[in-house]
Each structure stands twice: as structure tokens, then as C-alpha cells.
Amino acid sequence: CQAAAAGKHVFIEKPLALTVADASRAADAAEKAGVTLQVGHHRRFQGATRHIRKMIDAGELGDLYQLEANLSMPGGPRTGWRGDPAECPVGSMTGLGVHMVDNLHYLAGPVKQVSAFSTKLVATGNLDNVTSIVAEFESGVLGYIGTGSGIPKLFSPAAFGTECNAWCEDEGNKLFLQKKGEMVRSEAPIEGGDAIVEELAAFGNSIRTGAKAEVGGPEGREVIVFLEAVIESVKSGKAVALSDYR
């Protein structure tokens, strides 16, 4: 807010904030000051994820039914904010899972409601080891997001449709497709690129041209709406509507 008030463009690492109220303050401050605010959800810029979005837009996946995404890492005690439940609520959702939330928003739009579970299976560190979330999107599509610590690195956003299933793997450098009638998936050639470079190039372009940031305040805020709803669902054991937090 101080940077925006000083007329400075702002690039902020994910997540934008830990509460919807703070995310709204940040987004409003940037809009009021007329500066570019971009949130570092770089994984939507990965080559395979971009390609899947193009396939969805072109109707190549057919009717979209379901999405899945998991970003998990090996375990071990975390230091700093990554090991503090107050700064990293719901296990690794704040450090890892929010990337997958933004990815699925990018592919399928906003979420209507979530039902979440989070637990500590191994007595290592202060955070839950595994979190699982089922989501219903506004479009009617269903989805799953998983994140945790203690398993080998897993990164696999995917979209499943009536004509084709598509997986993004190896941090967006590999795309796998399974078309209707095929029993197994196969790798499709793509250009992976560098998602960090791409997101910073997009930030620079917004500053130079005044174009709307692809992952700006509203997009960053929507991820926090999702996060707050997940926190409430874990606490209550019930499905939570995101409209209660917007």
C-alpha cells in the first residue's frame, strides 16, 4: 500500500495476502494509485499450462468435466514463515497449494464451493503434512487440489474432457495427452519456456503499455477467497461457499 501510494508499480510474491481483507486493501491501493500490481503466480505462464488453456478455448478437450492439481514437496522441518502455522495456514497451501489454485482458476474460472481436509500424519514440524480439497467451479466443473510435504516432489495440473485428457508435468516443460479412444497417454511436443521470465515480461509490458495485469489484484484476491474458504472448511468439516468471502 505504501509503495502504491508512492506511485511505484508493485510485483508481490504469492500469495497476495493471508486474508481477503488485506488482499482487498492491496488491490484497492494499486487501483487508486493507478499503478500495476502483479502477483507472482508464475506457474500459469508455463508452456504446458498455456497449451492446455489454448486447447480448452479451441474446444479440443470437448466438454470439460474435471480438473486435478497437486504440488507437493519432500518433508523436513521448515524455517521462517514456511514453518509457522500463523503465516502458512492449512499445511503447505500457502507455500505451494495456492499456485495450483491459480492454475485451475486460469483453466476453468472461479470456484463456487470447497470441501477440504487437512491433517498431520508425521510428527515433523508445526504444519499439517497433507491437505486435500474438492472444489465445485461456477461452471459446474469439479476439481481436486492436493498439497503436502513428505513425499517426492509432485507437480501435475491436469484437465479432463470428453474428447481429450491433458497433463502438465515437469514444471510445464512436458505435456501429455490422451485423446478419445486412446487407452494410454502420450507426450506431445511443446515449447516449455521459462515461466519466471514470462511473468516478469508480462509485468514490464503492463507497466509500459498500461495493459491490465493478467495476475493482478482481483486474480490474487480470488486465490485468497479460496484460501479462507478452505481454512473454514477444514475447521468446520463442512462445504463452504466462496460467495461468503467475496
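Predicted model, so just to flag it, every value in this text is computed and none were measured.

Criteria and cut-off values
- Residues numbered from 1 in each chain as written.
- Predicted model: local features only at pLDDT ≥ 70, side-chain atom pairs only at ≥ 80, totals over all residues.
- Heavy atoms only, no water.
- Helix = DSSP H or I, 4+ residues; strand = E, 2+ residues; numbered from the N terminus.
- Buried < 20%, exposed > 50% of the residue type's maximum accessible area, 1.4 Å probe, protein only.
- Contact = heavy atoms within 4.5 Å.
- Axes fitted to C-alpha atoms, helices over the stretch in contact; angles between N-to-C directions.
- Left-handed = near helix turned anticlockwise from the far one by under 90°.
- Nonpolar A, V, L, I, M, F, W, Y, C, P; charged D, E, K, R; others polar.

On to unusual backbone geometry, then. In this model, Lys 14 is joined to Pro 15 through a cis peptide bond whose omega is -10 degrees. Positive phi values are uncommon outside glycine, yet Val 90 reaches one of about 60 degrees. Within the secondary structure, Val 90 is located in the loop between strand 3 (64-73) and helix 4 (93-108). In this structure Val 90 comes out as buried when scored by relative accessible area, which is 12%.

For the rest of this paragraph, the subject is the environment of Gly 146. By the secondary structure assignment, Gly 146 is in strand 6 (residues 142-149). For Gly 146, a relative accessible area of 0% translates into the label buried. Sequence-wise, Gly 146 and Glu 222 are 76 residues apart; in three dimensions their C-alpha atoms are separated by 18 Å. Discounting chain neighbours no more than four positions away, the residues touching Gly 146 are Ala 69, Asn 70, Leu 71, Ser 72 and Thr 131.

At a closest axis distance of 10 Å, the pairing of helix 4 and helix 6 (residues 217-236) adopts a crossing angle of 120 degrees. You can see that helix 4 and helix 6 cross each other, and the crossing is right-handed. Where helix 4 approaches helix 6, its residues Met 93, Thr 94, Val 98, Val 101, Asp 102 and His 105 are matched on the opposing element by Glu 222, Val 223, Phe 226 and Leu 227. When its residues are assigned to classes, the contact of helix 4 with helix 6 shows 6 nonpolar, 2 polar and 2 charged.

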